[in-house]
Amino acid sequence: MFEFHWPWMALLLVLPLLVRLFWRRPATEQFETVEGLQATLLHPSLLHLEAAFQTKRPKVPLSKRLYLGLLSLIWLSLVLAMMRPQWLEPYTENRTAGYDLMLLVDASHSMNALDFTLDKKQVSRMQVVKGVVSKFIEGRQGDRVGLVIFGSRAYVLSPLTYDRKAVNSLLQNVVPRIAGDGTAIGDALGLGVKKLRERPAGSRVLVLIADGENTAGTIPPLRAAELAGQEQIRIYSIGVGSNKKRIPIKENGRIVTRTDLNFNEQAMRDIAEAGGGAYFRATDTEALEKIYQKIDELEKTEAESRTVYVPQPLYHWPLSAALLLLLILGIYPEGRQRQLKGGGYV
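What this report covers is the structure whose coordinates are included nearby. Throughout, residues of each chain are indexed from 1 in the direction in which the sequence is written. Where local features are concerned, this predicted model is filtered to residues with pLDDT of at least 70; where side-chain atom pairs are given and counted, the filter is 80 or more; whole-chain, interface and lining totals use all residues. Water and hydrogen atoms were dropped before computing side-chain values, which therefore reflect all heavy atoms in the structure.

## Observations regarding the packing of helix α6 (residues 185-196) against helix α7 (residues 221-230)
Part 1: Lines fitted to C-alpha atoms define the axes here, with helix axes fitted over just the stretch in contact, and angles between the N-to-C directions of these axes take values from 0 to 180 degrees. Each helix corresponds to a stretch of at least 4 residues labelled H or I by DSSP, and each strand to a stretch of at least 2 residues labelled E; elements are numbered beginning at the N terminus. In the contact formed by α6 and α7, the axes pass within 7 Å of each other and the chain directions differ by 15°. As the angle between them shows, α6 and α7 are arranged roughly parallel. Relative to α7, α6 is oriented so that their crossing is left-handed. Residues Ile185, Gly186, Leu189, Gly190 and Val193 of α6 touch α7, and the partners they reach there are Pro221, Ala224, Ala225, Leu227 and Ala228.
Part 2: In this classification, the charged set is Asp, Glu, Lys and Arg, the nonpolar set is Ala, Val, Leu, Ile, Met, Phe, Trp, Tyr, Cys and Pro, and all remaining amino acids, among them Gly, are polar. Residues of the contact of α6 with α7, tallied by class, amount to eight nonpolar, two polar and no charged. We call two directions roughly parallel when the angle between them is under 35 degrees, roughly antiparallel when it is over 145, roughly perpendicular when it lies between 65 and 115, and oblique otherwise. The handedness criterion is simple: a crossing whose near helix is rotated anticlockwise from the far helix by less than a right angle is left-handed, and one whose near helix is rotated clockwise is right-handed. In what follows, a contact means two residues having at least one pair of non-hydrogen atoms within 4.5 Å.

Shown next as structure tokens:
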């Protein structure tokens, strides 16, 4: 299918006519022709002189008509190029049935806490989250996956997409405190509901990964979870943290011990229950398999098929024509061939 991307540029076609109508010529150019200035004979009675010689208005020389014709074609070609002609190639994308999954990842200050051990080495909650969520994303082939990160505020890092590698890459670049020091779980749930409510019912899932302590935001977590339940959106929560009273955390390049980095496991359970889902611990090696089974029990989104049109630009054709005509005009200015004389063209 052919179309112009900027069809309104066609209005420029009348610009030369407007210039010709409204641009006042200098008095010295009123009698100018392509052959140069002509001598003018003054006579007291032009009517008698015309009757005596039966004069006729001279015809426009052929050279001038060719000159004006070339200028018109050049302008027409340039305007066509500015209208951006393009050929639209149809491309049909088919997708199999799947689920719509929005991942809500805690990126608050508390995710720097070092209350996990891997191979006898302390690791942060964020490292555990990245490992768990990365495996989860890799296992959801055929599903649409989105990513929301939250701290003091919640942000959509990736909309729902089939490109799981892109979502995983964005997740790996998330660092604690990137969205603020607080933990706005309720706001993250509300944002996830907003992004999923337009999708078909029955296959919409929120996966919340956090430590359960809500310290910021305007929406209470349980109220947001109830709203998700009303919209028939399932919530599966994954708790990240430990029940230790003194937890080491990396702050300003050094490790300190704090007592206010609590892990509210009961809050995570309540959120999952209000959202009609289930709660799991991040340290449970079978947690992901259990979540997969729960999700696979839901109704899948019907297979999708959509056609998009890929534009192939064609502006170079009229632009090339304009350059060629301009070259011809340079060789034959005003319809006369240029000749080399005295070291230059005349």
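After that view, the rundown keeps rolling.
## Brief notes about the side chain of Ser77
Part 1: Note on placement: Ser77 falls in helix α3 (residues 62-82).
Part 2: We call a residue buried when its accessible area falls under 20% of the maximum for its residue type, exposed when it is over 50%, and partly exposed in between, using a 1.4 Å probe and counting protein chains only. Residue class for Ser77 comes out buried when judged on its relative accessible area of 10%.
Part 3: Within polar-contact distance, the side chain of Ser77 engages the backbone oxygen of Leu73 at 2.9 Å.
Part 4: Apart from residues lying up to four places away in sequence, Ser77 is in contact with Pro318, Ala321, Ala322 and Leu325. In protein, a polar contact requires one atom able to donate a hydrogen and another able to accept it; more generally it is a pair of N or O atoms within 3.5 Å, and residues adjacent in sequence count only if both atoms are side-chain atoms.

## Considerations on the packing of aromatic side chains
Part 1: Stacked, tilted and edge-to-face are the three classes assigned to paired rings of Phe, Tyr and Trp, where Trp is represented by its six-membered ring and a pair needs centres within 6.5 Å; plane angles under 30 degrees give stacked, over 60 edge-to-face, the rest tilted. Applying the stated criterion across every chain, the model contains two aromatic pairs.
Part 2: Pairing Phe2 with Phe4 gives two aromatic rings, centres 5.2 Å apart and planes at 80°, and the pair type is edge-to-face.
Part 3: For Phe2, a relative accessible area of 43% gives the class partly exposed.
Part 4: Counting as a charge over the ring demands two things of the Lys NZ or Arg CZ atom: a distance within 6 Å of the ring centre and an angle within 35 degrees of the ring normal. Across the ring face of Trp6, the terminal group of Arg84 is positioned such that the distance to the ring centre comes to 4.8 Å.

## Thoughts on helix α5 (residues 164-172)
Part 1: The set of residues buried in α5 consists of Val167, Asn168 and Leu171. The arc enclosing the buried residues of α5, seen along the axis, measures out at 100°, which places them on a common side.
Part 2: Against β5 (100-106), α4 (125-138), β8 (144-150) and β9 (154-161) lie the buried residues of α5. In this context, the arc is that of the directions from the helix axis out to the C-beta atoms.

## Considerations on the sheet that holds β8
Part 1: Read across the open sheet, the six strands follow the order β9-β8-β5-β10-β11-β14; overall the sheet is mixed. Strands with a single pairing partner mark the edges of an open sheet, and in this sheet they are β9 and β14 (279-281). With direction set aside, neighbouring strand axes in the sheet form an average angle of 15°.
Part 2: When DSSP finds two or more bridges between a pair of strands, those strands are recorded as paired. Where strand β10 (residues 204-210) meets strand β11 (residues 234-239), six bridges bridge the pair, whose relative direction is parallel. Note on β11: the bridge partner recorded for Val207 is Tyr236.
Part 3: Across the face of the sheet, helix α8 (residues 265-274) comes into contact with β10, β11 and β14 while running at roughly 165° to β11.

## Some remarks on the pairing of strand β13 (residues 254-258)
Part 1: Examined bridge by bridge, strand β12 (residues 247-251) and β13 share five bridges and lie antiparallel to one another. The partner of Ile249 across the bridge, within β13, is Val256.
Part 2: What sits between β12 and β13 in their antiparallel hairpin is a turn of two residues, with Asn252 showing a positive phi close to 55°.

## Let's talk about the nonpolar core
Grouped burial of nonpolar side chains is what soluble globular proteins tend to show.
Part 1: Think of a nonpolar core as a cluster: buried Ala, Val, Leu, Ile, Met, Phe, Trp, Tyr and Cys residues, connected wherever their side-chain atoms sit within 4.5 Å. In this structure, Leu103, Val133 and Ile209 are the most contacted members of the largest nonpolar core, which totals 31 residues.
Part 2: Of all elements in the fold, only β5, α4, β8, α5, β10 and β11 reach the threshold of two or more residues within this core.
Part 3: The greatest single-element share of this core, amounting to seven residues, is contributed by α4.

## Focus: unusual backbone geometry
Part 1: Notably, Arg177 is not glycine yet its phi reads approximately 75°, a positive angle.
Part 2: Position of Arg177 among the secondary structure elements: in the loop between α5 and α6.
Part 3: Although it is not a glycine, Gln232 adopts a positive phi angle of roughly 60°.
Part 4: Assignment of secondary structure puts Gln232 in the loop between α7 and β11.
Part 5: Overall, Gln232 belongs to the exposed group, its relative accessible area being 53%.

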